[in-house]
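A look at the structure
Chain by chain, the residues run as shown.
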Amino acid sequence: MVSAHKIIFLIAVSAAAAAAEDRTEAEAQGNKSEALKLKLVAIASILTAGGLGVSFPLLGRKLAVLRPENDIFLMVKAFAGGVVLATGFVHILPDAFRSLTSPKFPFSGFIAMAAAIATLMVDTVATAFYGNAHSSKDEEAASDADPASGANGITPSDILRQRIISQVLEVGMVVHSVVIGISLGAARSSATIKPLLIALCFHQFFEGMGLGGCISQARFKWVKTTVMTVFFSVTAPVGIGIGIGISSVGVTVEGVFESASAGILIYMALVDLLAADFMSPRMHSNVKLQLGAHISLLLGAGSMSFLAMWT
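The rules we used
- Each chain carries its own residue numbering, running from 1 in the direction its sequence is written.
- Only residues with pLDDT of 70 or above have their local features reported here, since the model is predicted, and side-chain atom pairs are shown and tallied only from 80 upward, although totals for entire chains, interfaces and linings are computed over all residues.
- Each side-chain value is worked out from all heavy atoms of the structure, with water and hydrogens disregarded.
- UniProt positions are given in the numbering used here, feature names are shortened, and annotations may be inferred rather than shown by experiment.
- Numbered from the N terminus, helices here are DSSP runs of H or I no shorter than four residues, and strands are runs of E no shorter than two.
- Simply put, an axis is a line fit to the C-alpha atoms, just over the touching stretch for a helix, and the angle between two N-to-C directions goes from 0 to 180 degrees.
- Left-handed describes a crossing in which the near helix is turned anticlockwise from the far one by less than a right angle; the clockwise case is right-handed.
- Note on contacts: a residue pair is in contact if any heavy atoms of the two residues lie within 4.5 Å.
- Three classes are used: nonpolar for Ala, Val, Leu, Ile, Met, Phe, Trp, Tyr, Cys and Pro, charged for Asp, Glu, Lys and Arg, and polar for all others, with Gly counted as polar.
- Under the convention used throughout, the expected extent of a helix is 1.5 Å for every residue step, that is, one less than its residue count.
- Here the bend at a residue is taken as the angle between two axes, fitted respectively to the seven residues that end there and the seven that start there.
- Two N or O atoms form a polar contact when they lie within 3.5 Å of each other; inside protein one atom must be a possible hydrogen donor and the other a possible acceptor, and for residues adjacent in sequence the pair counts only when both atoms belong to side chains.
- A patch is a set of surface residues, each over 30% in relative accessible area and not in a salt bridge, joined within 9 Å for like charges and within 5 Å for the nonpolar side chains Val, Leu, Ile, Met, Phe, Trp and Tyr.
- Per-residue and other accessible areas were derived by the Shrake-Rupley procedure at a 1.4 Å probe size, with only the shown protein chains allowed to occlude residues.
- Salt bridge, as used here, is a side-chain nitrogen of Lys or Arg placed within 4 Å of a carboxyl oxygen of Asp or Glu.
- Categorising residues by exposure relies on relative accessible area from a 1.4 Å probe, with only protein chains included: less than 20% of the type maximum marks a residue as buried, more than 50% marks it as exposed, and the intermediate range marks it as partly exposed.
- Here, nonpolar core refers to any group of buried Ala, Val, Leu, Ile, Met, Phe, Trp, Tyr and Cys residues whose side-chain atoms link them within 4.5 Å.
- For the purpose of charge, His is not counted, nor are the chain termini; Lys and Arg are scored as positive and Asp and Glu as negative.

UniProt's feature table lists "transmembrane region" (unreviewed entry) at residues 36–60, 72–93, 105–130, 227–253, 259–279 and 291–310, given in the numbering used throughout. The straight-line gap between the two end C-alpha atoms of residues 72–93 is 31 Å; of that span, 100% is helix and 0% is strand. Taken end to end, residues 259–279 has its terminal C-alpha atoms 28 Å apart, with 95% of it in helix and 0% in strand.

Shown next, in the form of structure tokens:
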């Protein structure tokens, strides 16, 4: 027969285990509640950061100091290009490699390469199609631009090119913003969410500045400018909402999206955000501008890479 003290001991152990389980469950609920609060803060913060970033260059239409033709704006755009480039190489591509691990074939690198090539093809075809379809509207495009554009040597074909760049760039950024928004929304630990929130606010602000600069140089009418600005601003918060609504995202699917986003962002940063300015005669004829732009590029890439230590 089981002695009385053994029965008492078993009852005490069971009670302690039940209490510990209750405490663990309570802590889990508390962490879940804190994480949800941080996610709601993230939605508001990232929406604000993205909106301010993409809107700031557009103020150049009203404030001369912020016009895309000014040297300050070019250096800010170079900084933003560095941020976008580091985001693709340092933040997104490594995550993609972890999500799509295979001992036989590097799917992440392949998908990123394919996405970059596909972006180049879309960019080329869209530019040719858009240019041919609207070649008769060159004068109209020029008339849409500010009077200062002609004085600064900006041609109708330059405006058409910037319109293609801004629209293709927004597609790449939108896909990426949704993916990283889902990643934050699906995170369960507040310790993971806090640094990610800071990094994404920083990222969305300066990535928005890069996009806003292209939109500003494209000289769209205010309706389309507003639509593109709002669309970029809300995509990351929408992604966070999707992440909150689902318990987890399929690792393979997320890896595919991350790989494609990395390829698109790397292409956009190098070709559309940086090469057009860094290879221009304006840059080559001004040593101080070259130095400032290169320093801005390194600062943008370096600061975004530094944030990878906490994400």
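Relative to each other, helix 2 (residues 71–99) and helix 11 (residues 287–306) sit at 35 degrees, their axes nearing to 7 Å. The two elements helix 2 and helix 11 cross, and the hand of that crossing is right-handed. Together, D71, L74, M75, A78, F79, G81, G82, V83, A86, T87, V90 and H91 of helix 2 and L289, G292, A293, S296, L297, L299, G300, A301, S303, M304 and S305 of helix 11 make up the contact between the two elements. Grouping the constituent residues of the contact of helix 2 with helix 11 by class yields 13 nonpolar, nine polar and one charged.

Here the focus is helix 2. In a regular helix each residue adds 1.5 Å, so 29 residues correspond to 42 Å; helix 2 covers 41 Å between its end C-alpha atoms and thus fits that length. Of all the bends in helix 2, the greatest, near 35 degrees, is centred on I92, and the proline P94 appears no more than four residues after it.

All right, on to the environment of Q290 then. Residue position: Q290 is located in helix 11. Sequence separation of Q290 and M75 is 215 residues, and the distance between their C-alpha atoms is 9.2 Å. Engagement of the side chain of Q290 in a polar contact is seen with the backbone oxygen of M283, the distance being 3.1 Å.

Attention now goes to a nonpolar patch on the surface. Judged by side-chain polarity, L47, V230, V234, V238, I242 and I246 come together as a nonpolar surface patch covering roughly 420 Å² of accessible area. Ranked by residues supplied to the nonpolar patch, first place goes to helix 8 (residues 222–245) with four residues. Summarising the element assignment, I246 is placed in the loop between helix 8 and helix 9 (251–278). For I246, a relative accessible area of 33% puts it in the partly exposed group.

With that settled, the discussion passes to the nonpolar core. A general feature of soluble globular proteins is that nonpolar side chains tend to end up buried together. The biggest cluster of nonpolar side chains holds 35 residues, and the ones touching the most others in it are L169, M173, L211, I215 and F278. Mapped onto this core, the elements with two or more residues apiece are helix 2, helix 3 (107–133), helix 6 (156–186), helix 7 (190–218), helix 8, helix 9 and helix 11. Among residues more than four places away in sequence, those in contact with L169 are G210, L211, C214, M268 and L273.

Quick look at the side chain of K39 now. Turning to its location among the elements, K39 is positioned in helix 1 (residues 4–55). Buried charge without a salt bridge: K39, with E34 as the nearest opposite-charge side chain at an N-O distance of 12 Å. Apart from residues lying up to four places away in sequence, K39 is in contact with L184, G185, A186, A187, I193, I240 and I244.

Take the environment of G213 next. Mapped onto the elements, G213 comes out in helix 7. The sequence separation of G213 and S166 amounts to 47 residues, and the corresponding C-alpha distance is 8.6 Å. Beyond its immediate sequence surroundings of up to four residues, G213 is in contact with P57 and F73.

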